[in-house]
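# Examination of the molecular architecture
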Amino acid sequence: MNKDLTQGKPEKVLWSFCLPLFGSIIFQQLYNIADSLIAGKFVGENALAAVGNSYEITLIFIAFAFGCNIGCSVIVSGYFGAKEYHHARTAVHTTLIGGGILCVFLMLAGLAGCSGLLELIHTPEEIMADSRLYLMIYIAGLPFLFFYNIATGIFSALGDSKTPFFFLACSSTANIAMDYAFVKYLQMGVSGVAWATFICQGISCVLALIVVFRHLKVLKTEKKAAIFSSHIFRQICVVAVPSILQQSFISIGNIVIQSLINGFGPAVIAGYAAAIKLNNLVITSFTTLGNGISNYTAQNLGAGKYDRIHSGFRAGLKLVWLLCLPIILVYITFGKELVFLFMDNAEGPAIGTGILILRIFAPFYLVVSAKLVADGILRGASLMSQFMTATFTDLILRVLLAAVFSRFLGAVGIWSAWPIGWLIGTAVSLFFYNRCVKKKFMT
């Protein structure tokens, strides 16, 4: 169901729109976690390390899919808010065509360079074969990843956050069940984890696209929408390319960090793989809330309702902080139990590493969540140079500090780099929000 985010009390509108998005990404992250959890429990510590090791490379492909998602979503939101429905439909068609072409190139590059990427990050020999197998199957499913992400971006642009929630809830539940069946009963090992994701994502993609086109039929237009527009394509790229670069550089930074971690052996890799899945559950969830705030911002800017932007910022902060507090408490108090879910041994360096990472990261979720809210508004307002600057500040600091600190503090130095990067990156994001968004739209 399409929803106009320019009407009603901003806090109520934003919360009712964003909470289903939050639920959706929780389900999505649960099946990402299930991959590692089931691999670690039923195959072994090396399998957990292999899935975690490959996951850092998959984030590069996710970055491109995410860029298509947010580029389409922001532009369609603006046209939807301005009631220019024929342009909104053209933007959807244009993204599907452009995203499909990009996906083909990435598949070819990924299949050709899979082994080289794994060698580049110094993947230990004992997990190389499983890492390569997982990655190859994942790359084969890239069309599903791309078109599903574009579909969810369209849903969000039209104010519909409930349909993606329904798809992800069903898909994630099925994925976890298939992971378990393929690994425990069919004894497929790491390949079972990858094939379960492939199948469930494929079904979700097809169903989501069917529903998208039904949504578009509701948008009545006086003139026929073009199949492709170079002008709209450029508008999409203005938002999509910086978002792709942002996520790609984050992924590359994570790969550099992964290469540092790989030097400490499979046990530390496994502990990091478990903890980073739990961390990404939080960060990705708040990033998705930020995307929802981008849609809210873009719709209201399209409608010329600038005064609603700051109200949305305050409502967004309140929402993420209320969600943060119980997560922080659970991660600090029950860190061992959470990390043990991924392990078959309750003691040892792997589980100790995971617990330490959670205790270092968790208190700073209040900080990074504020950054993601501000970033959402910057992106929704198409202030992409400011958005990129804030992102790269955080990323570059994390990578450089991890490299330096690891020489003196070992693996602990790597984990310590995250909070410092988050603190400074958040300060930059809030500075740009106060200086650029308020100055441009609220004065």
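Everything here concerns the structure above.
Please read all numbers here as calculations on a predicted model, not as lab measurements. (Residues numbered from 1 in each chain as written. Predicted model: local features only at pLDDT ≥ 70, side-chain atom pairs only at ≥ 80, totals over all residues. Heavy atoms only, no water.)

Before going further, it helps to spend a moment on the overall build of the protein. Within the protein, the secondary structure is distributed over 15 helices and 0 strands. Taking 2.2 N^0.38 as the reference for a compact globule, 443 residues should give roughly 22 Å; the C-alpha atoms of the protein span a radius of gyration of 21 Å, in line with that estimate. When the backbone C-alpha atoms are referred to their principal axes, the protein occupies close to 65 × 40 × 35 Å. Within the span of the protein, comprising 443 residues, buried residues form 60% of the whole. For the protein, contacts bridging at least 24 residues in sequence account for 84% of all contacts bridging at least 6. (Helix = DSSP H or I, 4+ residues; strand = E, 2+ residues; numbered from the N terminus. Rg over C-alpha atoms; globule rule 2.2 N^0.38 Å. Buried < 20%, exposed > 50% of the residue type's maximum accessible area, 1.4 Å probe, protein only. Contact = heavy atoms within 4.5 Å.)

In this section: helix α8 (residues 230–262). Spanning 33 residues, α8 covers 44 Å between terminal C-alpha atoms, matching the ideal 48 Å at 1.5 Å per step. Approximately 35 degrees is the largest bend angle found in α8, and it occurs at C237. (Expected span 1.5 Å × (residues − 1). Bend = angle between axes of the 7 residues up to and from the residue.)

As a further point, take the environment of T284. By the secondary structure assignment, T284 is in helix α9 (residues 266–302). With 103 residues separating them along the chain, T284 and F387 place their C-alpha atoms 17 Å apart.

What the rule picks out here adds up to 12 aromatic pairs. Here the aromatic rings of F361 and W418 are separated by 4.9 Å at their centres, their planes lie at 40 degrees, and the arrangement is tilted. One end of the pair, F361, is in helix α12 (residues 349–361); the other, W418, is in helix α15 (residues 411–441), and 57 residues separate them in sequence. Of the two residues, F361 and W418, both sit in the buried class. Feature note: the residues Y272, Y331, F361, Y365, W415, W418 and W422 constitute an aromatic cluster, connected by ring pairs. Directly above the aromatic system of Y185 lies the positively charged group of K184, at a separation of 6.0 Å from the ring centroid. (Phe/Tyr/Trp six-rings, centres within 6.5 Å; stacked < 30°, edge-to-face > 60°. Lys NZ or Arg CZ within 6 Å of the ring centre and 35° of its normal.)

All right, on to unusual backbone geometry then. Its identity is not glycine, yet Q187 carries a phi of approximately 55 degrees, on the positive side. Residue placement: Q187 occurs in the loop between α6 (162–185) and α7 (190–218).

The next point concerns the state of the cysteines. Taken as a whole and judged by the stated rule, the model has 0 disulfides. A disulfide-free cysteine, C170 has its sulfur positioned 11 Å from the sulfur of C200, the nearest such atom. Just so you know, C237 is unpaired, no disulfide at all, and the nearest cysteine sulfur is the one on C68, 8.8 Å from it. (Disulfide = S-S within 2.5 Å.)

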